[in-house]
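Breakdown of the fold
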Amino acid sequence: MNEEYDVIVLGTGLTECILSGIMSVKGKKVLHMDRNSYYGGESASITPLEDLYKRFSLPGTPPESMGKGRDWNVDLVPKFLMANGQLVRMLLITQVTRYLDFKVIEGSFVYKKGSIYKVPSTETEALASSLMGLFEKRRFRKFLVFVANFDENDPKTMEGVDPNKTTMREVYKKFDLGQDVIDFTGHAIALYRTDDYLDQPCLDTINRIKLYSESLARYGKSPYLYPLYGLGELPQGFARLSAIYGGTYMLNKPIEDIIVENGKIVGVKSEGEIARCKQLICDPSYIMDRAKVVGKVIRMICIINHPIKNTSDSNSCQIIIPQNQVNRKHDIYVCMISYAHNVAAQGKYIAIVSTTVETNDPEKEIKPALDLLEPIEQKFVSISDLYAPTDLGTDSQIFISRSYDATTHFETTCDDIKDIYKRMTGTDFDFAEMERKKNDIFGDGADQ
């Protein structure tokens, strides 16, 4: 333990494990510690079901109708992976996919006036959707064709839209799209959490819609993937990657002190010994005085014994309730997985509702989502503070991750990873460079 490392990582949340893996691949000497005995930190998967009851201080034990406790793997922070998104690219390049099996989420839905509808994201779906009237469908189809053809390097595809100046509000107006269509496009396809994007340049939104469509095109049912046995498998996959490249892992390690001299990190003390380092990555819980609360999120885990109504009896789905539909500033998210993903007992479903808290009665805020899930067998509710670092870490070389937000996908987590990487190395995260590093060590396509 009394050694010098390039990087020490504290906490085994997904963000920390991915950065640990990336830094190991880059040839850094990495020590990774966690005070817990399990992987995943606040994004762990809990098994057996009895442990979930204990964690949420529910009296008694799960009823027999819940099946065997060991059949359950319940994510505390449920999220899906965008099939063509950043996290899947990281998994493929680092070959962490060899440790994981994924299933496609069966449907993506949006809430409108109390009912749910499949999110149309192709021209064919747009024309068949009951979300819109006939003329609206035609206008939306034209908009989708425009987005699909849009190339920021080819003015001929832009139809007079300047990707860096024209706002998204102006683009919607150009295609004469109504408020409901704007709602589901911005929130269920481009996956914005608020309407702030409307007055920003349109390029980011166009790219987000393309990402959704390309992800959908890969597998057909929805743009989302989910790992069998739950998200707890993801941090472990990156931990294995780090170990392959020489990283050292220690679970159950109490952190006694984080040693800073002249404003800079010099090491971490655990069980009386000091490990020295040049850089430190950690989640906010390890250094609370360098993090601030930037909001709260409510998550309710609901166990049900039926698919959600109007989802074509899907074993898994995502439902987004856009803010405007329920007079809020933030969307409400529902993601459902089931026994089909080896995370629940046979015939059981886990639906998790999440949103950013806006009032003093967070449970009332998610009622529109809970109404969609009735009847509910058991609920587990948590309200968590959302933390962000108070500084960039460039002076102290202490890099703190952000808490996991209410969204049901990992794109915001990947943005945080890339942001920390840039602050640590001074360069942008480069997928192609990661691929080259891996091939230099293992050979192109070599098996690890």
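The shown structure was predicted, so the numbers you read here are calculated from the model rather than taken from an experiment. (Residues numbered from 1 in each chain as written. Predicted model: local features only at pLDDT ≥ 70, side-chain atom pairs only at ≥ 80, totals over all residues. Heavy atoms only, no water.)

**Topic: the nonpolar core**
With 103 residues, the main nonpolar core has L87, F140, F143 and F238 as its most contacted residues. The element contributing the most residues to this core is helix α1 (residues 14-25), with seven residues. The next biggest cluster of nonpolar side chains, apart from the first, holds 25 residues, and it includes I308, C317, V334 and L370. (Core = buried A, V, L, I, M, F, W, Y, C linked by side-chain atoms within 4.5 Å. Buried < 20%, exposed > 50% of the residue type's maximum accessible area, 1.4 Å probe, protein only. Helix = DSSP H or I, 4+ residues; strand = E, 2+ residues; numbered from the N terminus.)

**Things to note about the environment of L251**
In this structure, L251 sits in the loop between β10 (248-250) and β11 (257-261). Expressed as a C-alpha distance, the spacing of L251 and Y38, which sit 213 residues apart in the sequence, is 7.0 Å. Leaving out residues up to four positions away in the same chain, L251 has contacts with T12, D34, N36, S37, Y38 and Y39. (Contact = heavy atoms within 4.5 Å.)

**Section: the sheet that holds strand β9 (residues 224-227)**
Hydrogen bonding along the main chain pairs the strands of a sheet, whether they run parallel or antiparallel. Read across the sheet, three strands follow the order β5-β9-β6 without closing on themselves; strand pairing throughout is antiparallel. In this open sheet, the two strands that pair with only one neighbour each are β5 (81-82) and β6 (102-104). Looking at chain direction, β6 and β9 are connected through three bridges and run antiparallel. Bridged to V104 within β9 is L225. (Pairing = 2+ DSSP bridges.)

**Some details on the pairing of strand β13 (residues 273-282)**
Where strand β1 (residues 4-10) and β13 come together, six bridges link them in parallel fashion. Each bridged residue has a counterpart across the sheet, and for Y5 the counterpart in β13 is C277. Direction of pairing for strand β12 (residues 264-270) relative to β13: antiparallel, over a ladder of four bridges. Pairing of G267 across the sheet is with R276, part of β13. The loop that links β12 with its antiparallel partner β13 comprises two residues; one of these, E271, has a positive phi angle of about 50 degrees.

**Overview of unusual backbone geometry**
Along the chain, T47 connects to P48 via a cis peptide bond; the corresponding omega equals -5 degrees. Mapped onto the fold, P48 is located in the loop between β3 (45-46) and α2 (49-55). Phi at E159 takes a positive value of approximately 50 degrees, unusual for a residue other than glycine. Summarising the element assignment, E159 is placed in the loop between α5 (134-149) and α6 (168-174). Backbone geometry at Q397 places phi at a positive 65 degrees, although glycine is not the residue there. Positionally, Q397 belongs in the loop between β18 (378-389) and β19 (398-400).

**As for the packing of aromatic side chains**
According to the stated counting rule, one finds 16 aromatic pairs in the structure shown. When the ring of Y39 is compared with that of Y249, the centres are 6.0 Å apart and the planes differ by 50 degrees; the resulting orientation is tilted. Here Y249 lies in strand β10 and Y39 lies in the loop between β2 (30-33) and β3, a separation of 210 residues in the sequence. We classify Y39 as partly exposed; its relative accessible area is 23%. Summarising the aromatic geometry, the rings of Y339 and Y349 are spaced 5.8 Å apart at their centres and angled 80 degrees between planes, so their arrangement reads as edge-to-face. With a gap of 10 residues between them, Y339 in the loop between β16 (332-338) and β17 (349-356) and Y349 in strand β17 connect regions that are remote in the sequence. An aromatic cluster is defined as three or more aromatic residues linked by ring pairs; in this entry it consists of F140, F143, F146, F150, Y172, F175, F184, Y192 and Y197. Between the NZ or CZ atom of K174 and the centre of the ring of F175, over which it lies, the distance is 5.8 Å. Its guanidinium or amino end placed over the ring of Y99, R240 lies 5.0 Å from that ring's centre, counting from NZ or CZ. (Phe/Tyr/Trp six-rings, centres within 6.5 Å; stacked < 30°, edge-to-face > 60°. Lys NZ or Arg CZ within 6 Å of the ring centre and 35° of its normal.)

**Brief notes about the side chain of E365**
In this structure, E365 sits in helix α10 (residues 362-365). A distance of 3.0 Å separates the side chain of E365 from the backbone nitrogen of E358, its partner in a polar contact. When sequence neighbours within four positions are dropped, the list of residues in contact with E365 reads R328, I332, T356, V357, E358 and T359. (Polar contact = N/O pair within 3.5 Å; in protein donor to acceptor, adjacent residues only side chain to side chain.)

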